[in-house]
Amino acid sequence: KAGVTQTPRYLIKTRGQQVTLSCSPISGHRSVSWYQQTPGQGLQFLFEYFSETQRNKGNFPGRFSGRQFSNSRSEMNVSTLELGDSALYLCASSLTGEAGELFFGEGSRLTVL
Amino acid sequence: GEDVEQSLFLSVREGDSSVINCTYTDSSSTYLYWYKQEPGAGLQLLTYIFSNMDMKQDQRLTVLLNKKDKHLSLRIADTQTGDSAIYFCAETDPRGYSTLTFGKGTMLLVSP
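Let me begin by describing the structure that accompanies this report.

1. Points about the overall build of chain A
Line of reasoning, step 1. A count of helical and extended segments in chain A gives zero helices and eleven strands.
Line of reasoning, step 2. Each helix and strand of chain A, ordered N terminal to C terminal, gives the series β-β-β-β-β-β-β-β-β-β-β.
Line of reasoning, step 3. Computed over the C-alpha atoms, the radius of gyration of chain A is 13 Å, within 12% of the 13 Å expected from 2.2 N^0.38 for a compact globule of 113 residues.
Line of reasoning, step 4. Along the first, second and third principal axes, the C-alpha atoms of chain A reach 35 × 25 × 25 Å.
Line of reasoning, step 5. Of all 113 residues assigned to chain A, the portion counted as buried reaches 50%.
Line of reasoning, step 6. The long-range fraction of contacts in chain A, counting pairs at least 24 apart against all pairs at least 6 apart in sequence, stands at 54%.

Following this line, the structure appears as structure tokens:
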């Protein structure tokens, strides 16, 4: 059974650009959540999607957005990139998002120059 | 608000037991998790415990939960060099079960 797949694994952008990251959950999982990991702030929750609807949102500016498609795949977008957006972006999937196991992908490492 | 605290570093010798501790603040947390992160990798789910349990054992891993003190621990028996990694404790957030609040992580270094 394939795990959570995130693409791209690494990318470099410059300030002011935008970026789109993709996440394919484990087959059958309908909940996808996103986290940002930085050395200073640690792991912080961005948002969660279930059945194409955003169910929860963390304390991030509006430049951070996401969506989920009918096949449960999810994308997150960051517009007008800032140096501080450099981070490892992790996607997690669970069956329903209601209980228990939450599986993470390997992450997309974004560097903003 | 929620806050999860962990010690930053633990060093043990191969073959010893490791105990990683965590304290949390949200008394309504339903699930508590332990994740492992190796360099350059994502988070690997090690185990989780439901808040109405006191203990959970899974092969070399033992999780103890003291709900009164809001204290969670992960014991790794017969620690191996391959166990060297950062270990994160996390609790569910009242906003939803997929919304986790993580500690800063404990770096476990296992020496031969």
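2. Description of the pattern of salt bridges
Residues and elements named next belong to chain A.
Line of reasoning, step 1. One pass over the structure, following the stated rule, counts eight salt bridges over all chains.
Line of reasoning, step 2. In this structure, the salt-bridge partner of R67 is E75, at a minimum N-O distance of 3.3 Å.
Line of reasoning, step 3. What emerges from the salt-bridge pattern is a single network uniting R63, E82 and D85.

3. So, the sheet that holds strand 8 (residues 74–78) of chain A
The strands that make up a sheet are held in pairs by hydrogen bonds between backbone atoms, and each pair lies either parallel or antiparallel.
Residues and elements named next belong to chain A.
Line of reasoning, step 1. Here four strands make up an open sheet; going across it, the order is 1-3-8-7 and the pairing antiparallel. Looking at which strands have only one partner, the edges of the open sheet turn out to be strand 1 (5–7) and strand 7 (64–68). When the angles between neighbouring strand axes are averaged without regard to direction, this sheet yields 20°.
Line of reasoning, step 2. Of the strand pairs in this sheet, strand 1 and strand 3 (residues 19–24) are connected by three bridges, and their pairing is antiparallel. Residue T5 lies in a different strand from strand 3, and its bridge partner there is S24.

4. Thoughts on the pairing of strand 8 (residues 71–76) of chain B
All names here are of chain B.
Line of reasoning, step 1. Here six bridges tie strand 3 (residues 18–24) to strand 8, and the two strands are oriented antiparallel to one another. When the sheet's bridge partners are listed, I20 is paired in strand 8 with L74.
Line of reasoning, step 2. Relative to strand 8, strand 7 (residues 61–66) runs antiparallel, the two being bridged by six bridges. Bridging across to strand 8, T62 finds its partner in R75.
Line of reasoning, step 3. Taking the residues that link successive antiparallel strands as the turn, the strand 7-strand 8 hairpin has four residues, and the phi of K70 there is positive, at about 55°.

5. So, a nonpolar patch on the surface
All names here are of chain B.
Line of reasoning, step 1. Together, L8, F9, M107 and L109 make up an exposed nonpolar region whose accessible area comes to about 410 Å².
Line of reasoning, step 2. Relative to the assigned elements, L8 resides in the loop between strand 1 (4–6) and strand 2 (9–13).
Line of reasoning, step 3. A relative accessible area of 60% places L8 in the exposed class.

6. Regarding unusual backbone geometry
Peptide bonds are mostly trans, and most non-glycine residues show a negative phi.
Line of reasoning, step 1. The amide bond that connects T7 of chain A to the next residue, P8 of chain A, takes the cis arrangement and shows omega of -10°.
Line of reasoning, step 2. The phi dihedral of S51 of chain A is positive, around 50°, even though this residue is not glycine.
Line of reasoning, step 3. Along the chain, S51 of chain A falls in the loop between strand 5 (42–50) and strand 6 (53–57).
Line of reasoning, step 4. Under the relative-accessibility criterion, S51 of chain A is labelled partly exposed at 33%.
Line of reasoning, step 5. Positioned with a positive phi, K70 of chain B is a non-glycine residue whose angle comes to about 55°.
Line of reasoning, step 6. Its place among the elements puts K70 of chain B in the loop between strand 7 and strand 8.

What counts and how
- Residues numbered from 1 in each chain as written.
- Chains lettered and ligands numbered in written order.
- Predicted model: local features only at pLDDT ≥ 70, side-chain atom pairs only at ≥ 80, totals over all residues.
- Heavy atoms only, no water.
- Helix = DSSP H or I, 4+ residues; strand = E, 2+ residues; numbered from the N terminus.
- Rg over C-alpha atoms; globule rule 2.2 N^0.38 Å.
- Buried < 20%, exposed > 50% of the residue type's maximum accessible area, 1.4 Å probe, protein only.
- Contact = heavy atoms within 4.5 Å.
- Salt bridge = Lys/Arg side-chain N within 4 Å of Asp/Glu carboxyl O.
- Pairing = 2+ DSSP bridges.
- Axes fitted to C-alpha atoms, helices over the stretch in contact; angles between N-to-C directions.
- Patch = residues over 30% accessible without salt bridge, like charges linked within 9 Å, V, L, I, M, F, W, Y side chains within 5 Å.
- Areas by Shrake-Rupley, 256 points an atom, 1.4 Å probe, with all protein chains shown as cover.

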